[in-house]
Each structure stands twice: as C-alpha cells, then as structure tokens.
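Here's the letter readout for the chains.
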Amino acid sequence: MSVATQEATPAAARPAKKKSKPGLERRPGLNRWLPYLLLAPAVLAELLIHIIPMIVGIWMSFVKLTKFFIANWSAAPAAGLGNYKIALDFDNAVGEGLLKSFGVTVVFSLVTVALSWVLGMAAAVALQPPFKGRAMLRTLFLVPYALPAYAGILTWNFMLQRDTGAVNHVLEQLHLSDGTTFWLIGGNALVSLIAVATWKLWTFAFLTLMAGLQSIPGDLYEAASVDGAGNLRQWRNITLPSLRPVNLVLVLVLFLWTFSDFNTPYVLFGTAQPPAGDLITFHIYNASFLTWNFGTGAAMSVLLLIFLMIVTGIYLLVTGRRSRRA
Amino acid sequence: MRLRSFVAAVAVSALGISLAACGGSDSGDSSGGGGGDATLTYWASNQGTSLDNDKQVLTPVLEKFTQETGVKVNLEVIGWNDLQTRIQTAITSGQAPDVVNIGNTWAASLQATDAFLPFDGDAMTAIGGKDKFVPTALATGGKEGTDPTSVPLYGLAYGLYYNKAMFAAAGLQPPKTWEEMVTAAQKLTVPAKKQWGMALAAGSYTENVHFAFINAAQNKADWFDADGKPTFTGDGNVQGVLRYLDLMQKDKVANPSNAQYDNGTKSVNDFATKKVAMVINQNNANSSIVANGMKAGEYGVVPFPAPAAGEQVASHVAGINLSVFKNTKNKDAALKFVKYMTDGGTQTTLGKPFASLPVLKDAKPAFTTDAAEAATFSDIYNTKSKPLPLVPAEDQFESTVGKAMNGMFAKIATGGTVSADDVKAALKTAEDQVAASS
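Fair warning: this is a prediction, and the values are worked out from it, not measured in the lab.

## A few points about the overall build of chain B
Point 1. Each helix and strand in chain B was counted, giving 17 helices and 11 strands.
Point 2. Rg of the C-alpha trace for chain B: 23 Å, near the compact-globule value of 22 Å for 438 residues, within the 12% margin.
Point 3. Principal-axis analysis of the C-alpha atoms gives chain B an extent of 70 × 65 × 40 Å.
Point 4. By residue count, 58% of the 438 residues in chain B fall in the buried class.
Point 5. Restricting to contacts in chain B with at least 6 residues of sequence separation, those with at least 24 account for 77%.

## Structural notes on the nonpolar core
Point 1. Ranked by size, the top nonpolar core spans 122 residues in total, and within it B:Tyr42, B:Trp223 and B:Met341 carry the most contacts.
Point 2. Considering each element in turn, this core owes the most residues, nine residues, to helix H16 (residues 394-413) of chain B.
Point 3. Summarising the domain contributions, this core has at least three residues from each of domain 1 (39-156 + 318-386) and domain 2 (157-316 + 389-436) of chain B.
Point 4. Sequence-distant contacts of B:Met341, that is, excluding residues within four places in its chain, are made with B:Tyr42, B:Leu58, B:Leu62, B:Leu153, B:Tyr154, B:Leu322, B:Thr346, B:Gln347 and B:Leu350.
Point 5. Counting 35 residues, the second largest nonpolar core, distinct from the first, contains A:Val94, A:Ala205, A:Val253 and A:Ile280.

## Brief notes about the pairing of strand S5 (residues 158-163) of chain B
Residues and elements named next belong to chain B.
Point 1. The buried fraction of S5 is high, at six of six residues.
Point 2. By the alternation rule, side chains of S5 split into Tyr158, Leu160 and Tyr162 and Gly159, Tyr161 and Asn163, which are all buried.
Point 3. As judged from the five bridges shared by S5 and strand S7 (residues 276-282), these two strands associate in the antiparallel manner. Across the sheet, the residue bridging to Tyr158 is Gln282, located in S7.
Point 4. Two strands pair when backbone bridges link them, and S5 and strand S8 (residues 299-302) are joined in this way by four bridges, in the antiparallel orientation. Looking at S8, one finds that Tyr161 is bridged to Val301.

## Observations concerning the packing of helix H5 (residues 93-126) of chain A against helix H10 (residues 188-214) of chain A
Residue and element names in this part refer to chain A.
Point 1. The contact between H5 and H10 brings their axes to 6 Å, and the two run at 40 degrees. Comparing the axis directions of H5 and H10 gives the class oblique. In this structure, H5 crosses over H10, and the sense of that crossing is right-handed.
Point 2. When the residues that make up the contact of H5 with H10 are grouped by side-chain class, the tally is 22 nonpolar, four polar and no charged.

## Points about the packing of aromatic side chains
What characterises a pair of aromatic rings is the spacing of the ring centres plus the angle enclosed by the ring planes.
Point 1. For the structure shown, the criterion picks out 41 aromatic pairs over all chains.
Point 2. Both rings, one in A:Phe62 and one in A:Tyr84, keep their centres 5.3 Å apart while their planes meet at 40 degrees; by these two values the pair is tilted. Taken as a pair, A:Phe62 in the loop between helix H3 (28-60) and helix H4 (82-88) and A:Tyr84 in helix H4 lie far apart in primary sequence, 22 residues in all.
Point 3. Relative to A:Phe259, the ring of A:Phe102 has its centre 6.0 Å away and its plane inclined at 65 degrees; by these criteria the two rings are edge-to-face. Of the two residues, A:Phe102 is situated in helix H5 and A:Phe259 in helix H13 (residues 244-259); the sequence distance between them amounts to 157 residues.
Point 4. Among the residues examined, A:Phe259 registers a relative accessible area of 1% and is labelled buried.
Point 5. Taken together, the ring pairs in this structure connect A:Phe262, A:Tyr266, A:Phe282, A:Tyr285, A:Phe289 and A:Phe294 into an aromatic cluster.
Point 6. A:Lys67 extends its terminal NZ or CZ atom over the ring of A:Phe68, reaching a point 5.7 Å from the ring centre.
Point 7. A cation over a ring is seen here: B:Arg243 above B:Trp178, with NZ or CZ 5.2 Å from the ring centre.

## A short note on the UniProt feature "domain: ABC transmembrane type-1" (unreviewed entry) in chain A
Point 1. UniProt records the feature "domain: ABC transmembrane type-1" (unreviewed entry) for residues 102-315 of chain A in the present numbering.
Point 2. From the first C-alpha to the last, residues 102-315 of chain A spans 19 Å; its make-up is 74% helix and 0% strand.

## Section: helix H14 (residues 344-351) of chain B
Residues and elements named next belong to chain B.
Point 1. Those residues of H14 that fall on the buried side of the exposure criterion are Thr346, Gln347, Leu350 and Gly351. Buried residues of H14, viewed axially, fall in a sector of 130 degrees; they line one side.
Point 2. If you check the start of H14, you find a side-chain oxygen 3.2 Å away from the backbone N of Gly345, and it comes from Asp343.

Criteria and cut-off values
Residues numbered from 1 in each chain as written. Chains lettered and ligands numbered in written order. Predicted model: local features only at pLDDT ≥ 70, side-chain atom pairs only at ≥ 80, totals over all residues. Heavy atoms only, no water. Helix = DSSP H or I, 4+ residues; strand = E, 2+ residues; numbered from the N terminus. Rg over C-alpha atoms; globule rule 2.2 N^0.38 Å. Buried < 20%, exposed > 50% of the residue type's maximum accessible area, 1.4 Å probe, protein only. Contact = heavy atoms within 4.5 Å. Core = buried A, V, L, I, M, F, W, Y, C linked by side-chain atoms within 4.5 Å. Domains from an automatic or database assignment. Pairing = 2+ DSSP bridges. Axes fitted to C-alpha atoms, helices over the stretch in contact; angles between N-to-C directions. Parallel < 35°, antiparallel > 145°, perpendicular 65-115°, else oblique. Left-handed = near helix turned anticlockwise from the far one by under 90°. Nonpolar A, V, L, I, M, F, W, Y, C, P; charged D, E, K, R; others polar. Phe/Tyr/Trp six-rings, centres within 6.5 Å; stacked < 30°, edge-to-face > 60°. Lys NZ or Arg CZ within 6 Å of the ring centre and 35° of its normal. UniProt positions renumbered as here; feature names shortened; annotations may be inferred. Arc of directions from axis to C-beta. Polar contact = N/O pair within 3.5 Å; in protein donor to acceptor, adjacent residues only side chain to side chain.

Structural data, given as structure tokens:
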C-alpha cells in the first residue's frame, strides 16, 4: 500500500506543479540560467566595488607609486618588496610610526569592543522585561546608531574642547577637575577616542543582543526561577550560553569595525591627530596622501589585511572548536 | 565556505581603507568640448569669508569672461582642507578640471607629477608674458630653471598684527626685533584678565611649518641642500623651531589652548575679540578681523620681527597660483582664462574682497584703504620674503615638519618640556619620513 502511495504521489503532483509554473517548465534553458542571471548584478557589483580595487591595491604595494607616477600609474617602476621593507623597518621613522599606531589601535579596539559589549549587554538585559517607558528608552538608546557619524563625532569634538567644551565645564561644576584638562591632545586623546567610538558602537551591540534575547524561550527562565536561580545565575547559565552564536559574530564584527575605524579619528581630530590617537587607518591615510607615497600606503594596507585575516581565522578556529566540543 | 566568504569580506574591507580614497572623487566635468563655445571647469580655492562668499565674488567676474570670450566657466569653490586631496584624486583618475587654484607652496611638488601644463614660451605668451608678473611671485611657479606649471594669482604675506589700544595702554611701541616682541607680549599677558600677548595656530601643521621655515630662515638655515635632500636637523633649523615653540614654553605668552587651534581662523578671532594683543597672520586676515568686531584703525601691522642679529626674513612668499591640467581638452580657452584672471582689471576687482596683494608689476594693493598697512605688506612681500623650498618634496616637508611641531606644542601644552635635543629628534624623524618617500 505504502509503495503504491509513494509512486502515485509524484504522478499526481506533476500536473499540479506544471499548472502553477507553466513558463519555467516550457523553457528549461532559462530555468537553468535564471539563478545566474539574477546573481549577475551582485557579482558584477562585487567585482567592481571590491575585488578589482583589492587587486589594484595589492599591485600598488609592489610598485614605487609616488607623486612622480600617480598621473600615469602603469609607468610606476617595480619596487619588489621595497614598500614592505620600508613599512616593516622598525628602526626607521616610517616603520616605527606604523608599529606605534598598530599598538594604539590594538588597545583602542580591545577596550572599545569590551566597553561596547558590556554596555550593550547591560542595556539589553535591563530592557528585556516589559515596563512603562521601555519603548521610549529603546528608541533613545538607538539615537547614536541612527545619527550620521559625522554629526555625532563633530559634536563630541565641540564638547571636548578645552576652554569652550561642555565636558570640562561639567567636570568643573562637579568639582572633579579645574576645567583645564586637554581631551583632544596629549595622553587623554586615546581616552576620548575610546569614549566616542564606544558611544557610536555600543548601540549596535545593544540592538543585536536585544534581538538575540528575544529568541530565548521564556519557560527556561521560569523553570530556573522555580528552581531558585537568581538573576545573575540565570544570566550566566541561560542567557550567556543561549547568546553564544550571536556573541561570536558580534564580537568579531565589533573588533573588525574598530580596528579599521577611520571616521572617528578623522572627524574627531581633523588633520592634527595626536600620537596617542593615531589609529592605523589614519596612519595609512597620512602615509599615502600627506607624503604622496601610495605604494608604501598600499603595502601597509595589505599588512593590515593579512593581520585581520589571521586574527579572524584563529578566532573562528578556536570558537568553532569550542562549539564542537560543547 | 562561510569562513572563506567572511575572510574575503574582511580582506576587502581592509584594503578599502587605502583604495576608497584613491578612486572616484567627484572631480567635475572636464570634457567641455573641443572648440567653439567651450566650457571650462574651474576649481577655486576658498579665499573669502565662506565658500558662498567666494561664489558671490567670482560669479560676476566669470560672467564677464564669458561675455568677452564666449567661453563658459563651471565654478566649484573648494575649502583648503579638501583641496590638496581633490587635486591628488584628479591627477590619479584623470578626471580633472581644466583650471585649478593651488597653494603656491605646492607648485614644485605638483609640477613633479607631470599632470600640469608647463607655461613654456608659447603658453606664457598666450597669458600675457612673464614680464607682467612680480618676479618673486612668478618664482613660486615651479622648480628653478624649469618652465613653471603655475602662475601667481593672489599674493599673500605674513605680518604681525597688534592691538593699538593695548600697546598704548602699556606704553609700548610696535616691536622691531624678536626680543622686543617677546618683551611686549609678556607685558601684555595678563592672566587675571584672561588676556595673552599672542595667539598661535599651534595645532595647524600648515601654519606651524611656515613658522619653522621663517624662524630657520632668520637663522640663515635651509631645509634642503642643493640636491634637494632634506637637511632638517641643522642647528639653525633646530634653534629656529625651538625659538617659536618657546613663545608658549619658556616665554609663556600664548595660551596653551592654542595647541588645539588647528587653523589660522581661531587665532585671528582671538585677536579680533581682543583676547590677545598680537597675532601673526597673512594679509587676508583683514576681512575676518573686521567681521569679528574689530574696527579698521584699531590694529596696526609691522613685519614679523627677526632676532636682533638675525636675517630680516618676515614671511615666505605666500599666495595662490593658477594651474592648467595638461589633459584639458580646452587648452586655448584655459590659457585665455588664465590671462583674464591675471589681467590688471580682474586683479584689482578681486584684490579687495579676497584681501590679496598684487602679483603684477607696478600694481597697487587694493585690499586695504590704510596706506601704511598696504605699504608694510608690499614691503614684506617684495623685500622680506623668501620662497619655501622649491623642491618636489616640499609638500612632504610641510606635512612632516608641521606635524612634528603640532606634537611638540601638544607636549608643551599638556605640561611637558621640549628641549633642543627633542626638537632635533623630532626633525630627524620627519627627515627620515621624507627620505623614505622620495
């Protein structure tokens, strides 16, 4: 009986299928090529926007592309590994500068990601149970994310000015300082940079984690509550493990964004970026555009790319292995 | 598969850092048309009080050119922060305007790109001949001994602006030497009134490098040798830089907050609002000073003084030049336009609103009605100015030395000290950066 039924089902279904998609059945050639045709614009865009510039960038890193050749790229003489040697010669000013900016960027990225994640998690958990005003708070928290980056960072630039900025004024009113602290030059520049980047980024963490929290079944918490688990224990034993897939992606994305952040230092410091806030992207921009050495700038970009690929690879390997063990 | 896609995305993002900036800037329409009623694209630098102000000033002047020649001009005014990058992008992409303003200190560096039309015999004749220009101004057009790739449009020079009432109240005369300037500035620094002797654009690398150059020139020191190789760490350079830094460090006549002044406007505003007694700025500060509340006649101008035993250099030969992109399809129209913009009538029309010094022989300054001020700036421009190094690496000199000075001012402002050895070390780093890029 069952065999007869199985045989009968496709035969019975065929006419119905034919009825619903007559055109496709009649033109098998189109049917085969349609997915590729639909994909073609995306592939073309990817090629034009990403792949070709990437190949050009790698080529640039192997030629001496200085001001003498930028009007005629193809005439630039080969530099072999010369640009890489300059970038990696840490006894020379160029290499030393790159190393310093790399160190600044590592500190900046780790602290910014950590702060953004902690703030995002705290806000997402706090706004999980329903209460009056929750919707308003959620909207309010998303303002930095919705605000154009330039406008937001420029406002911070005004607020962090030494004599006229709101930050020093407030600190002085609260008797926490004498109001003469420099925030955009000297050692505090890194503190300011982290604060502004965190302000810009934490709401993305909040949004992502909030979405992740929605997917955790409520009965898990109810059961834990019945068993006498407190909020902290519920968070540690239910929330965190349930959010693991979300967190894996979130932390990686936050790290990659912060490590290649260009807007924040560019708008916050302008052309006068202090050594303490000299992020690697801005450093590469200066190497390329202020000293007109696009070859060395491209070599630095490729080195940054390799570093980020290695970090990403290790991260995915380690987290993947742990997931499999779990 | 997912990992591979992700790695590719990361790769692209990272490379995009350098590449995004190299491509696709909006560079205007350079096609124009070959002849007949050609249309030129002209990138003008910001000279007036705003980009809109520049458009208002230039539009009738350009319309007059169209009436005379039938050549239309598409104008775009570009702020100074963007101009150099826009020019670089135009050179790189080939999508360039026909005619462009450049800072005259960039002339030799831009010439080295081979993207600009040389004003050789024929081209120079077409714009009215080299003899119409002030020789000092024309000398900024490119490397010595070559056909210039830019010609002077607006002349500028530094002067020491001082507040007449503050000087009179303190019983002071306008300073003639560096020592007199420092003494006056110290007397006019009154912390209780939040008043300072001087304002410095100490966070602006372009302003800082100009003063590194001028102070070193007063010590008879050069930044490049005859072969164009950097000689940044000479004693004259180090002492010149230190002397300028000491205005904030040792003499304490400038507010440490000035280390955050990343353009000249902020220091000029402090002077105009009478928070400081002196400011060193180019003559185009006049319009900003008046716009910020100080009346003409309330301030005087003298040459930026050298030490008593020093060389009498008060400024670099500052100003704006005009260049034609070599790949223009409207060469004849572009040369006509350059001739028109550097014509006596146009120069007089633009001299007042843009507060520029004349770049033409025998022309009189139109930027001020104060005869003494006009004479002072003309004298500085013609007899006390020295061109910045006319070498291909000039732009690298500006960025590396200027930024080194930003860093040293920041150190002083935040409580650190900068010694002669520190200056030498910072200049050595700058020198290495230039050498690596040459």
